[in-house]
Amino acid sequence: HDELMKQAEKLSLAGQLAAGIAHEIRNPLTSVKGFIQLIATAPSVKSQYIDIIQTELDRIELIVSELLVLAKPHNLQFREDSIEQIVQDVVTLMAPQATLHAIEVKHQCAPGLLAIRCDSNQLKQVFINFIKNAIEACPNGGWIQIEVQQGEGGSIHISFTDNGCGIPEHILQKMGDPFLTTKKTGTGLGFMISQKIIENHQGQLHITSKEGEGTTVMVTLPTVPA
Ligand code: ADP
Ligand code: MG
C-alpha cells in the first residue's frame, strides 16, 4: 500500500513538473514562432527581431540543459571521492566568474575529512549552482565562504555562505519548487535539481537566510566508514 502511495505521489510530481516544463518552454517557443511569422511577411523588420529570437532560443536551451541533469539518474557513477578535491575543483572553476563580479571566494576544509561516495560530476553541478546563486545575490560584489566540516555520525557538512541580498520569507518557504525564480532571466530549476541530486546521495539540504544580510546553504552528506 505504501509503495502504491509513493508511486502515485511520484507520478503526480512528474505530472506537475511536466506541466511546468511545457509551460516554460511554450512561452519562448510561441514568441519565436510569432517573430518568425512577422519576418516572413515583412523581411525588412528582420534585424529588429533577430535578437529577441536569439534570446528566447537561448532560454529554451538553458531550461533543457538544466533539466538534462535530472534526466540521467541511470548514468550515475558513484565512486569514493575526496570532498576537499571536489570543492577545490569547483572553486577553481568558478573563480573567474566570481572575480568578474568583485566577489571574494574563501574556502576552508577541516583536517582529516573522511571520503564520500558520490557522482562527482553531479555533486559539482550542485556546488556550482549554489556558488552561481551566491554570485547573483551580490550584484555589487561581496564574499562567499565555503566551509567543509565533519558532522555527527560520520556525516560531512558543506556550507556556502554569502553576504548577498538574502531570501524573503515567502520565497524561502517555497525553495525547491520548480520554476521558482526572482530573477529576470532565471529558470528557477537550479535549486530543485540540486535538491534532487543531494537526495540521490542520501544527503540533506538546509537553507537559512535573512533579507539584506545573506544566505547559507548547507549540504550534509554521509561519509564512507574508514
Ligand atoms: P534561479 O537561480 O534560476 O532563479 P534557483 O533554483 O537557483 O533558480 O534559485 C531560486 C531562487 O532562490 C532564486 O531566484 C533566488 O530568489 C533564491 N536564491 C537562491 N539562492 C540564493 C542566494 N544565495 N541568495 C539569495 N537568493 C537566493
Ligand atoms: Mg540558480
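For the structure, check the block above.
Here the structure is a predicted model, which is why all the values come from computation and not from measurement.

Enquirer: Talk me through the packing of helix H2 (residues 46–71) against helix H6 (residues 190–200); I want residue IDs and the actual numbers.
Expert: At their nearest, the axes of H2 and H6 sit 10 Å apart, and the two run at 15° to each other. When the axis of H2 is compared with that of H6, the two are roughly parallel. In the crossing of H2 with H6, the sense of the turn from one axis to the other is left-handed. Along the contact surface, H2 presents Glu66, Val69 and Leu70, while H6 presents Gly190, Ile193 and Lys196. Split by residue class, the contact of H2 with H6 holds 3 nonpolar, 1 polar and 2 charged.

Enquirer: Residue-level account of helix H4 (residues 120–136), with values.
Expert: With 17 residues, H4 extends 24 Å between its outermost C-alpha atoms, agreeing within 8% with the 24 Å of an ideal straight helix rising 1.5 Å per residue. Among the residues of H4, Gln122, Leu123, Val126, Phe127, Asn129, Phe130, Ile131, Asn133, Ala134 and Ile135 are the ones counted as buried.

Enquirer: Go over the sheet that holds strand S2 (residues 103–109), please, and point to the residues and values.
Expert: Reading across from one edge, S2-S4-S5-S7-S6 is the order of the 5 strands in this open sheet, with mixed pairing throughout. What marks the edges here is a single partner per strand, and that holds for S2 and strand S6 (204–210). The sheet shows a mean angle of 10° between the axes of neighbouring strands, direction not considered. Sheet analysis places S2 next to strand S4 (residues 142–150), joined by 7 bridges and oriented parallel. Bridge pairing in S4 links Gln108 to Glu147. Strands S2, S4, strand S5 (155–162) and strand S7 (214–222) of the sheet are contacted by H4, whose axis makes an angle of about 20° with S5.

Enquirer: Can you tell me about the nonpolar core, naming the residues and giving the values?
Expert: Counting 31 residues, the largest nonpolar core has Val87, Phe127, Phe130, Ile131, Ala134, Ile144 and Phe160 as its most contacted members. Residue assignment for this core shows that the elements contributing at least two residues are helix H3 (83–100), S2, strand S3 (116–118), H4, S4, S5, H6 and S7. Broken down by element, this core gets its largest block of residues, 7 residues, from H4.

Enquirer: Describe the pairing of S5, naming the residues involved and giving the relevant values.
Expert: Side chains of S5 alternate between two faces, with Ile156, Ile158, Phe160 and Asp162 buried and Ser155, His157, Ser159 and Thr161 left unburied. Pairing of S4 with S5, which is carried by 7 bridges, proceeds in the antiparallel orientation. Opposite Val148, over in S5, you have Ile158 as the bridge partner. Between S4 and S5, which pair antiparallel in sequence order, lie 4 residues; one of them, Gly153, sits at a positive phi of approximately 55°. Pairing analysis gives 8 bridges linking S5 to S7, with the strands arranged antiparallel. Residue His157 lies in a different strand from S7, and its bridge partner there is Thr220.

Enquirer: Any details on the site of ligand 1? Residues and values, ideally.
Expert: Around ligand 1 sit 22 residues, and of these Asn133, Ala137, Gly186, Gly190 and Phe191 come closest. Secondary structure elements with two or more residues in the shell around ligand 1: H4 and H6. Of the residues assigned to the shell around ligand 1, the class counts are 9 nonpolar, 11 polar and 2 charged.

Enquirer: Which residues make up unusual backbone geometry, and what values go with them?
Expert: Phi at Ala102 is positive, roughly 55°, even though this residue is not glycine. Position of Ala102 among the secondary structure elements: in the loop between H3 and S2. Of the residues examined, Ala102 has 13 C-beta atoms within 10 Å and is grouped as partly exposed. Backbone geometry places Gln202, a non-glycine residue, at a positive phi of 60°. Relative to the elements of secondary structure, Gln202 occurs in the loop between H6 and S6. By C-beta crowding, Gln202 is classed as exposed, having 11 other C-beta atoms within 10 Å.

Enquirer: Give me the lowdown on the packing of H4 against H6, citing residues and values where you can.
Expert: Two measures define how a pair of helices packs: the angle their axes make with one another and the distance between the axes. Their axes nearest at 9 Å, the elements H4 and H6 cross at an angle of 145°. Seen along the crossing, H4 lies across H6 with a hand that is left-handed. Contact residues: Gln122, Gln125, Val126, Asn129, Phe130, Lys132 and Asn133 in H4; Gly190, Ser194, Ile197 and Ile198 in H6. When its residues are assigned to classes, the contact of H4 with H6 shows 4 nonpolar, 6 polar and 1 charged.

Thresholds, definitions, all that
Residues numbered from 1 in each chain as written. Chains lettered and ligands numbered in written order. Predicted model: local features only at pLDDT ≥ 70, side-chain atom pairs only at ≥ 80, totals over all residues. Axes fitted to C-alpha atoms, helices over the stretch in contact; angles between N-to-C directions. Helix = DSSP H or I, 4+ residues; strand = E, 2+ residues; numbered from the N terminus. Parallel < 35°, antiparallel > 145°, perpendicular 65-115°, else oblique. Left-handed = near helix turned anticlockwise from the far one by under 90°. Contact = placed C-beta atoms within 7 Å. Nonpolar A, V, L, I, M, F, W, Y, C, P; charged D, E, K, R; others polar. Expected span 1.5 Å × (residues − 1). Buried ≥ 20, exposed ≤ 12 C-beta atoms within 10 Å, placed from the backbone. Pairing = 2+ DSSP bridges. Core = buried A, V, L, I, M, F, W, Y, C linked by C-beta atoms within 7 Å. Near = placed C-beta within 6 Å.

Shape is all these values report; function is a separate question.
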